[in-house]
Amino acid sequence: MTTTTAPGRVPRQHRFKRSTRQRLFRGALYAVFLAAVLALVLVADWGAIQVNYLDGEVWRKQFPEIITLGVKNTVLYTIEAFVLGFILALILALMKLAPVAPYRWVATAYIEFFRGLPALVVILGVGLTIPLAFGVQIPGGNGQAGVVALTLVYGAYMAETIRAGIQAVPKGQYEASRSLGMSSFHTMRSVTLPQAIRIVIPPLTNELVALLKDTSLIQFLGFAVAQRELTALASDNVNNFANASPLLAAAVFYLIITLPLTQLVAWMERRGMRAR
């Protein structure tokens, strides 16, 4: 007796075989992953890793300076550059959306220029080239020069994010506000911007994480002892102890700071998708 199936339906035995193949494929992926991990464990020179990266005495000697100096300055530089960059980005985004063409040209030129340059080039330019060319020193030393440079770079990146957020707000809300007699400025301040900021919080948090990591580039300007951030402090300790453990310690503290932020971004994105 021949088994017939309705057009468009897959026979039950074929569905079973497909699910079995999927389970076997996933099992194979797990097996490859475990084999790669096992190979890495077997190949690694754990004695050398212990001596060079996990020296307990070197780890202990970094405390509490790694927190009271390295982490503190890293966080301070990040907050300063993010706040200043956000203010600059908001101005640039509004200029790029302005009805007056010269404002749009200036904002577009600025954004494209600083988005096209590596952050390290801008940091070296602000910290070294400008003082040499114009005899102007940034108040606060090289640490603050680095903050200014990161402000210029991330202001350009965040400007595009904010502009996209503003344009994502439905135009009907702007038109409704104008029909109620609100001025363009009042509508932007009270209606459009608050909604745009809520939209761009997740990508701006991603920019904050990237900015925090890029504070490590400021070390190329050289620091006074009290201005050192995590990477600069780790580099000095590597030279002092002739051991790479300080680099691993710095990496651990970067993860301690950044992982909660990335999880916060993921949570906000999931919440935003549920709210739609």
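Everything that follows concerns the structure shown earlier in this document.
Note that the structure is predicted; figures quoted are calculated from it, not measured.

K.L.:
For the nonpolar core, give the residues involved together with the corresponding values.
P.N.:
Within the largest apolar cluster, 37 residues are counted, with the highest numbers of intra-cluster contacts made by Ile123, Leu150 and Ile218. Those elements giving two or more residues to this core turn out to be helix H4 (65-96), helix H5 (101-115), helix H6 (119-134), helix H7 (141-168) and helix H9 (184-214). It is H7 that contributes the most residues to this core, 11 residues altogether. Here Ile218 is in contact with Tyr77, Ile123, Asn142, Gly143, Gly146, Val147, Leu150 and Phe223, once residues within four sequence places are set aside. Of all hydrophobic cores here, the second largest spans 12 residues; its members include Val71, Leu233, Ala250 and Ile257.

K.L.:
Please provide a residue-by-residue account of helix H10 (residues 230-241), values included.
P.N.:
Compared with the 16 Å implied by 1.5 Å per residue over 12 residues, the 16 Å span of H10 between its first and last C-alpha is a close match. Taken together, the buried positions of H10 are Leu230, Thr231, Ala232, Leu233, Ala234 and Asn237. Regarding H10, its N-cap is Glu229, as a side-chain oxygen of that residue lies 2.9 Å from the backbone nitrogen of Thr231 further along. Downstream of H10 by a residue or two, Ala242 has a phi angle that is positive, lying close to 50°.

K.L.:
I'd love a proper account of the side chain of Thr151, names of residues and values included.
P.N.:
Inspection of the secondary structure puts Thr151 in helix H7. A polar contact of 2.8 Å, which involves the side chain of Thr151, links it to the backbone oxygen of Val147. When sequence neighbours within four positions are dropped, the list of residues in contact with Thr151 reads Ala81, Leu84, Gly85 and Leu88.

K.L.:
Report on the environment of Phe33, specifying residues and quantitative values.
P.N.:
Considering the arrangement of structural elements, one finds Phe33 in helix H1 (residues 12-43). A sequence separation of 154 residues divides Phe33 from Thr187, and the C-alpha atoms of the two residues are 54 Å apart.

Analysis parameters
- Residues numbered from 1 in each chain as written.
- Predicted model: local features only at pLDDT ≥ 70, side-chain atom pairs only at ≥ 80, totals over all residues.
- Heavy atoms only, no water.
- Core = buried A, V, L, I, M, F, W, Y, C linked by side-chain atoms within 4.5 Å.
- Buried < 20%, exposed > 50% of the residue type's maximum accessible area, 1.4 Å probe, protein only.
- Helix = DSSP H or I, 4+ residues; strand = E, 2+ residues; numbered from the N terminus.
- Contact = heavy atoms within 4.5 Å.
- Expected span 1.5 Å × (residues − 1).
- Polar contact = N/O pair within 3.5 Å; in protein donor to acceptor, adjacent residues only side chain to side chain.

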